[in-house]
Amino acid sequence: MSAKNTVAVLLISGALLPGVSMAQSENPHPYVGMWVTDDGHVHHELLANGRYDEARGNRESAYQGNYRVTGNHIDYVDDTGFTTDGEFINDVLYHGGMVLRRKSNPIDE
């Protein structure tokens, strides 16, 4: 893992910012939840503890890692050290060339 990726992992995981991960889980941002592509191929779950879990097709947990939301911007570091980002615009997540929409909670339907 490169030094840049190591620093990114430490920043996003909260290791360089003590108390950030705890605060995030106590006061989750409004984007926590499941985000899905229109074709249903990608399911991207943002967890309140600053972790994400992404399924692709039949591959459950294809990608997992940490994320950090700043305003409408999201930065990701997966568990292998790969980094990427995205933007939330009008309740749509634009990430890695994909368009993901919030999956409504079955309780809300």
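Residues numbered from 1 in each chain as written. Predicted model: local features only at pLDDT ≥ 70, side-chain atom pairs only at ≥ 80, totals over all residues. Heavy atoms only, no water.

(A) Main features of the overall build of the protein chain. Each helix and strand in the protein chain was counted, giving two helices and eight strands. For the protein chain, the α and β elements follow one another from N to C terminus as α-α-β-β-β-β-β-β-β-β. Counting the 109 residues in the protein chain, one finds 32% classified as buried. Considering only intrachain contacts with a sequence separation of at least 6, the fraction spanning at least 24 residues in the protein chain is 37%. Carbon and sulfur atoms make up 53% of the accessible area of the protein chain, which amounts to about 6500 Å² in all. (Helix = DSSP H or I, 4+ residues; strand = E, 2+ residues; numbered from the N terminus. Buried < 20%, exposed > 50% of the residue type's maximum accessible area, 1.4 Å probe, protein only. Contact = heavy atoms within 4.5 Å. Areas by Shrake-Rupley, 256 points an atom, 1.4 Å probe, with all protein chains shown as cover.)

(B) Here's a closer look at the side chain of H95. Take H95: it is sitting in strand 7 (residues 92-95). Within the local environment of H95, its side chain forms a polar contact with the backbone oxygen of D85, the two atoms lying 3.3 Å apart. The residues contacting H95, other than those within four sequence positions of it, are H44, E54, Y76, T84, D85, G86 and L100. (Polar contact = N/O pair within 3.5 Å; in protein donor to acceptor, adjacent residues only side chain to side chain.)

(C) A look at the sheet that holds strand 2 (residues 42-46). One closed barrel holds the eight strands; their spatial order is 1-2-3-4-5-6-7-8, and the pairing between them is antiparallel. Strand-to-strand twist in this sheet, taken as the mean axis angle between neighbours without regard to direction, amounts to 30 degrees. Taken together, the five bridges between strand 2 and strand 3 (residues 51-56) define a ladder with antiparallel strand orientation. Looking across to strand 3, one finds that H43 is bridged to A55. (Pairing = 2+ DSSP bridges. Axes fitted to C-alpha atoms, helices over the stretch in contact; angles between N-to-C directions.)

(D) Spotlight on the pattern of salt bridges. All chains considered together, the criterion is met by four salt bridges. With a shortest N-O distance of 2.8 Å, R101 and D38 are connected by a salt bridge. Of the two residues, R101 sits in strand 8 (residues 98-102) while D38 sits in the loop between strand 1 (33-37) and strand 2, which places them 63 residues apart along the sequence. On the accessibility criterion, R101 (37% relative accessible area) is partly exposed. Between E54 and R56 there is a salt bridge; the shortest N-O distance is 2.6 Å. On the basis of relative accessible area, R56 is assigned to the partly exposed category, the value being 29%. (Salt bridge = Lys/Arg side-chain N within 4 Å of Asp/Glu carboxyl O.)

(E) The nonpolar core, seen in detail. Grouped together as the largest cluster of nonpolar side chains are 13 residues, with contacts concentrated most on W35, L46, Y67, I74, Y76, F88 and L93. For this core, the elements supplying multiple residues, two or more each, are strand 2, strand 4 (59-70), strand 5 (73-78) and strand 8. (Core = buried A, V, L, I, M, F, W, Y, C linked by side-chain atoms within 4.5 Å.)

(F) Just the packing of aromatic side chains, in detail. The tally for this structure, following the rule as stated, stands at four aromatic pairs. Three or more aromatic residues link up through ring pairs in this structure, and these residues are Y31, W35 and F88. Over the face of the ring belonging to Y63 we find R59, whose NZ or CZ atom lies 5.7 Å from the ring centre. (Phe/Tyr/Trp six-rings, centres within 6.5 Å; stacked < 30°, edge-to-face > 60°. Lys NZ or Arg CZ within 6 Å of the ring centre and 35° of its normal.)

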